[in-house]
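# Residue-level structure breakdown
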Amino acid sequence: MISVKNIQKSFGHNHVLKGIDFSLNKGDVVVILGPSGSGKTTILRCINFLERAEQGELTIGDIHVNLKHATSKEIHRIRKRSAFVFQNYALFNNKTALQNVMLSLTVARKVPVPEAAGIAKAALNKVGLSDKYDAYPSQLSGGQQQRVGIARAIAISPDVILFDEPTSALDPELIGEVLGVMKQLAHEGVTMIVVTHEMSFARDVATNVIFMDGGVIVEQGTPQAIFDNPKEDRTKQFLKRILLEEQ
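Calculation notes
Residues numbered from 1 in each chain as written. Predicted model: local features only at pLDDT ≥ 70, side-chain atom pairs only at ≥ 80, totals over all residues. Heavy atoms only, no water. Pairing = 2+ DSSP bridges. Helix = DSSP H or I, 4+ residues; strand = E, 2+ residues; numbered from the N terminus. Axes fitted to C-alpha atoms, helices over the stretch in contact; angles between N-to-C directions. Contact = heavy atoms within 4.5 Å. Polar contact = N/O pair within 3.5 Å; in protein donor to acceptor, adjacent residues only side chain to side chain. Salt bridge = Lys/Arg side-chain N within 4 Å of Asp/Glu carboxyl O. Buried < 20%, exposed > 50% of the residue type's maximum accessible area, 1.4 Å probe, protein only. 1 Å grid on protein atoms, 1.4 Å probe; cavity = no way out; pocket = protein on both sides within 12 Å on 5 of 7 lines; lining within 4 Å. Points joined across faces, edges and corners; volume = space filled by probe spheres on them. Nonpolar A, V, L, I, M, F, W, Y, C, P; charged D, E, K, R; others polar. Parallel < 35°, antiparallel > 145°, perpendicular 65-115°, else oblique. Left-handed = near helix turned anticlockwise from the far one by under 90°.

### Comments concerning the sheet that holds strand β4 (residues 55–60)
Strand order in this open sheet of 4 strands is β2-β1-β4-β5, and the pairing throughout is antiparallel. With partners counted over all chains shown, the strands left at the sheet margins are β2 (14–24) and β5 (63–66), one partner each. Each neighbouring strand pair of the sheet contributes to a mean axis angle of 15°, computed without reference to strand direction. Contacts between helix α1 (residues 40–47) and the sheet are confined to β1 (2–11), β2 and β4, with β2 contributing the most and set at about 70° to the helix. Packing of helix α2 (residues 72–81) onto the sheet brings it into contact with β4 and β5, and relative to β5 it is tilted by some 130°.

### A short note on the sheet that holds strand β9 (residues 208–213)
As summarised here, the arrangement of the 6 strands in space is β6-β7-β8-β3-β9-β10, forming an open sheet in which the pairing is mixed. Both outer strands of the open sheet, β6 (82–85) and β10 (216–221), are each paired with one neighbouring strand and no more. Along the sheet, successive strands turn relative to each other by an average axial angle of 20°, direction set aside. In this sheet, β9 lies alongside strand β3 (residues 29–33) in parallel orientation, the contact comprising 4 bridges.

### Some words on the side chain of N100
Of note, N100 is situated in helix α3 (residues 97–106). Among the polar contacts listed, one links the side chain of N100 to the backbone oxygen of K95, at a separation of 3.1 Å. Beyond its immediate chain neighbours, meaning those up to four positions away, N100 contacts L91, F92, K95, P137, V148 and R152.

### Overview of the pattern of salt bridges
Under the defined criterion, the tally for this structure stands at 8 salt bridges. Where R81 meets D62, a salt bridge forms, and the shortest distance between an N and an O atom there is 3.2 Å. With R81 in helix α2 and D62 in the loop between β4 and β5, the pair connects residues that are 19 residues apart, well separated along the chain. Overall, R81 belongs to the partly exposed group, its relative accessible area being 23%. For R147, the salt bridge identified is with E177, shortest N-O distance 3.0 Å. Residue R147 is located in helix α5 (residues 142–155), and its partner E177 is located in helix α6 (residues 172–187); the two are separated by 30 residues in the primary sequence. In this structure R147 comes out as buried when scored by relative accessible area, which is 11%. Here the salt bridges do not stand alone but share partners, grouping D62, R81 and D159 into one network.

### Here's the deal with the layout of surface pockets
Here the largest pocket defines a volume of roughly 590 Å³. Taken together, 21 residues make up the lining of the largest pocket; nearest its centre are S104, A108, R109, R152 and I156. When residues of the lining of the largest pocket are traced back to their parent elements, those giving at least two are α2, β6, α3 and α5. Partitioned by chemical class, the residues of the lining of the largest pocket number 11 nonpolar, 6 polar and 4 charged. Here the second largest pocket defines a volume of roughly 280 Å³. Contributing to the lining of the second largest pocket are 18 residues, with K26, S157, P158, D159 and T191 lying nearest its centre. Considered class by class, the residues forming the lining of the second largest pocket number 9 nonpolar, 5 polar and 4 charged.

### Some words on the environment of L185
Assignment of secondary structure puts L185 in helix α6. Residue classification places L185 among the buried positions, given a relative accessible area of 1%. The sequence separation of L185 and I154 amounts to 31 residues, and the corresponding C-alpha distance is 9.1 Å. Once residues lying within four places of it in the same chain are set aside, the contact partners of L185 are K126, I150, I154, F163, V190 and M192.

### A word on the packing of α3 against α5
Contact geometry for α3 and α5: axes closest at 9 Å, N-to-C directions at 30°. Between α3 and α5, the crossing angle belongs to the class labelled roughly parallel. In this structure, α3 crosses over α5, and the sense of that crossing is right-handed. Mapping the contact onto sequence places A97, N100, V101, S104 and L105 in α3 and V148, A151, R152 and A155 in α5.

Structure (structure tokens):
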């Protein structure tokens, strides 16, 4: 079980998150939708302590922390149980694909280098990059760089992977290869929280869809409930606009 309760976060006078609550079980894929500025990315950043929430509680398995008062030891434990895939890849340009994946193992988890290399190669193989171990980010397409980022996440065998708009920086023809890897992970039972505008992914892969606006959860439910029978007018307006843009 993973749960967040009453996450509150402000930036100056801007109250970005106004009491966010949701939970998911092992193997669930939660997709968070909403317009820009609704607080979607901030939720992920608070869960992984890239931002410090002013209020709220987080539970991942047997770890329960207060988001405002969590100690550095507690934050380290949470980060060992979760992984973050950034929209801008966040790779080290002076490291090869293999080295980028290994770093999360050798530095944060003190895994011996030979063992880390084996784990990293297996993760790169899983995302279809068995021929790119020695390639640097500048030698990879955007889709390949993002797949390295996903390999880095799965290499640590986290309880949950947090995806922050993983396809937003990609050219349209490269989006499919990244979504394909994510769909494969979902079918394998990897637990994920995904911020995205990819409606087809949300409809086909999510176990639960959350629609946010103005720092609150407006509506949540199964993909069928949200896409085929949304209850809130704001949800209907958002989906209509997004689907029209896709067409």
